[in-house]
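# Analysis of the macromolecular model
Below are the chains, spelled out letter by letter.
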Amino acid sequence: MFKQFIDKVDGADVYMITSFLIFMAFFVLVSIYLFIMDKSYLNKMQNLPLEDGNHNELQDVISI
C-alpha cells in the first residue's frame, strides 16, 4: 500500500521525511523535558493516587 502511495504521488518522499523529522524532533524535545523536570514534582505526581487527603476534596466537588 505504501509503495503504491510513494509511486503515484510526486514528492511523497519529501512528505515522509518531513513527517519523520517532525516526529523525531517532538520525541527528542519531550525526552529532554522529562530529564530536566523537577524530581520533587514527579514524586508528588507519582504518589498522588495513593494519598487519602485528595479523595475527600474530590467528593466535595462531585457533591456540589
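Residues numbered from 1 in each chain as written. Predicted model: local features only at pLDDT ≥ 70, side-chain atom pairs only at ≥ 80, totals over all residues. Heavy atoms only, no water.

## Re the overall build of the protein chain
- Along the protein chain, the regular secondary structure elements total four helices and zero strands.
- Its helices and strands taken in sequence order, the protein chain reads α-α-α-α from the N to the C terminus.
- Classification of the 64 residues of the protein chain by burial places 3% in the buried group.
- Accessible surface computed for the protein chain: about 6300 Å², of which carbon and sulfur atoms make up 69%. (Helix = DSSP H or I, 4+ residues; strand = E, 2+ residues; numbered from the N terminus. Buried < 20%, exposed > 50% of the residue type's maximum accessible area, 1.4 Å probe, protein only. Areas by Shrake-Rupley, 256 points an atom, 1.4 Å probe, with all protein chains shown as cover.)

## Some details on the packing of aromatic side chains
- A complete count under the given rule lists one aromatic pair for this structure.
- Where phenylalanine 23 meets phenylalanine 27, the ring centres are 6.3 Å apart and the plane angle is 25 degrees; that geometry is what we call stacked. Linking phenylalanine 23 with phenylalanine 27, this pair stays in helix 2 (residues 12-36), spanning four residues, or about one helical turn.
- You can call phenylalanine 23 partly exposed: its relative accessible area is 48%. (Phe/Tyr/Trp six-rings, centres within 6.5 Å; stacked < 30°, edge-to-face > 60°.)

## A word on the confidence of the model for the protein chain
- Residue-level pLDDT values for the protein chain average 80, and 77% of them are 70 or greater.
- Looking at the elements of the protein chain, mean pLDDT is at its lowest for helix 4 (residues 53-63), recorded as 55, and at its highest for helix 2, recorded as 93. (pLDDT = per-residue confidence, 0-100.)

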